[in-house]
Amino acid sequence: FPSHDSNVTNKSITITNLGILYGIRINNVLISGNVRIVNLPQLPVILQPNSVNEYVFTVKLDTVNLGTRSADFNIQWEVVT
């Protein structure tokens, strides 16, 4: 990615657990495409039911060129009690 801040856009990604019974353990976050993960807090983390807590990280998107881009997120998780 370019080092100039004007060519990069930061986007915050927030994950919460909207369920009412079980926790969700986030074990890993993987991404592919034209973005880069930054500020990824330590994993694993357990998201409590009823949106009690959240997991937030930032991705950097290269905006130096016009056009459509895509990225794939792979969140490895499991249900816990």
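The rules behind these values
- Residues numbered from 1 in each chain as written.
- Predicted model: local features only at pLDDT ≥ 70, side-chain atom pairs only at ≥ 80, totals over all residues.
- Heavy atoms only, no water.
- Helix = DSSP H or I, 4+ residues; strand = E, 2+ residues; numbered from the N terminus.
- Rg over C-alpha atoms; globule rule 2.2 N^0.38 Å.
- Buried < 20%, exposed > 50% of the residue type's maximum accessible area, 1.4 Å probe, protein only.
- Contact = heavy atoms within 4.5 Å.
- Areas by Shrake-Rupley, 256 points an atom, 1.4 Å probe, with all protein chains shown as cover.
- Lys, Arg positive; Asp, Glu negative; His and termini not counted.
- Charge placed at Lys NZ, Arg CZ, Asp CG, Glu CD.
- Core = buried A, V, L, I, M, F, W, Y, C linked by side-chain atoms within 4.5 Å.
- Pairing = 2+ DSSP bridges.
- Axes fitted to C-alpha atoms, helices over the stretch in contact; angles between N-to-C directions.
- Phe/Tyr/Trp six-rings, centres within 6.5 Å; stacked < 30°, edge-to-face > 60°.
- pLDDT = per-residue confidence, 0-100.

1. So, the overall build of the protein
The secondary structure content of the protein amounts to zero helices and six strands. In summary, the protein has a C-alpha radius of gyration of 15 Å against a globular reference of 12 Å for 81 residues, an excess of more than 25%. Considering only C-alpha atoms, the protein reaches an extent of 45 × 20 × 20 Å along its principal axes. For the protein, the proportion of its 81 residues judged to be buried stands at 23%. Relative to all contacts within the protein whose residues are 6 or more apart in sequence, the contacts with residues 24 or more apart total 69%. For the protein, the accessible surface area stands at approximately 5,600 Å², while carbon and sulfur atoms represent 50% of it. Between the averaged position of the 5 positive side-chain charges in the protein and that of its 5 negative side-chain charges there is a distance of 4 Å.

2. A look at the nonpolar core
Ile15, Ile24, Ile26, Val29, Leu43, Leu47, Tyr55, Phe57 and Val59 together form the largest nonpolar core, which totals nine residues. Broken down by secondary-structure element, the contributors of at least two residues to this core are β2 (23–33) and β5 (54–62). Dropping the residues within four chain positions of it, Phe57 is found in contact with Lys11, Ser12, Ile13, Ile15, Val29, Ile37, Val38, Asn39, Leu40, Pro41 and Phe73.

3. A look at the sheet that holds β2
Reading across from one edge, β4-β2-β6 is the order of the three strands in this open sheet, with antiparallel pairing throughout. With partners counted over all chains shown, the strands left at the sheet margins are β4 (45–47) and β6 (71–80), one partner each. Shown here is a sheet whose adjacent strand axes are inclined to one another by a mean of 40°, direction ignored. Strand direction decides the pairing type here: β2 and β4, joined by three bridges, are antiparallel. Looking at the pairing, Ile24 lines up with Leu47 of β4.

4. Digging into the packing of aromatic side chains
For the coordinates displayed, the defined rule picks out two aromatic pairs. When the ring of Phe57 is compared with that of Phe73, the centres are 6.2 Å apart and the planes differ by 50°; the resulting orientation is tilted. Residue Phe57 is located in strand β5, and its partner Phe73 is located in strand β6; the two are separated by 16 residues in the primary sequence. When its relative accessible area of 39% is taken as the criterion, Phe73 is described as partly exposed. Ring pairing ties together the aromatic residues Tyr55, Phe57 and Phe73, which thus form one cluster.

5. Description of the confidence of the model for the protein
In this model, the protein carries an average pLDDT of 88, and 93% of its residues clear a pLDDT of 70 or more. Mean pLDDT across the elements of the protein bottoms out in strand β3 (residues 35–38) (88) and peaks in β4 (97).

6. Considering the sheet that holds β3
Ordered by their spatial adjacency, three strands build an open sheet running β1-β5-β3, and the pairing between neighbours is antiparallel. This sheet does not close on itself; its edge strands, each paired only once, are β1 (8–16) and β3. The mean inter-strand angle of the sheet, taken between neighbouring strand axes irrespective of direction, is 30°.

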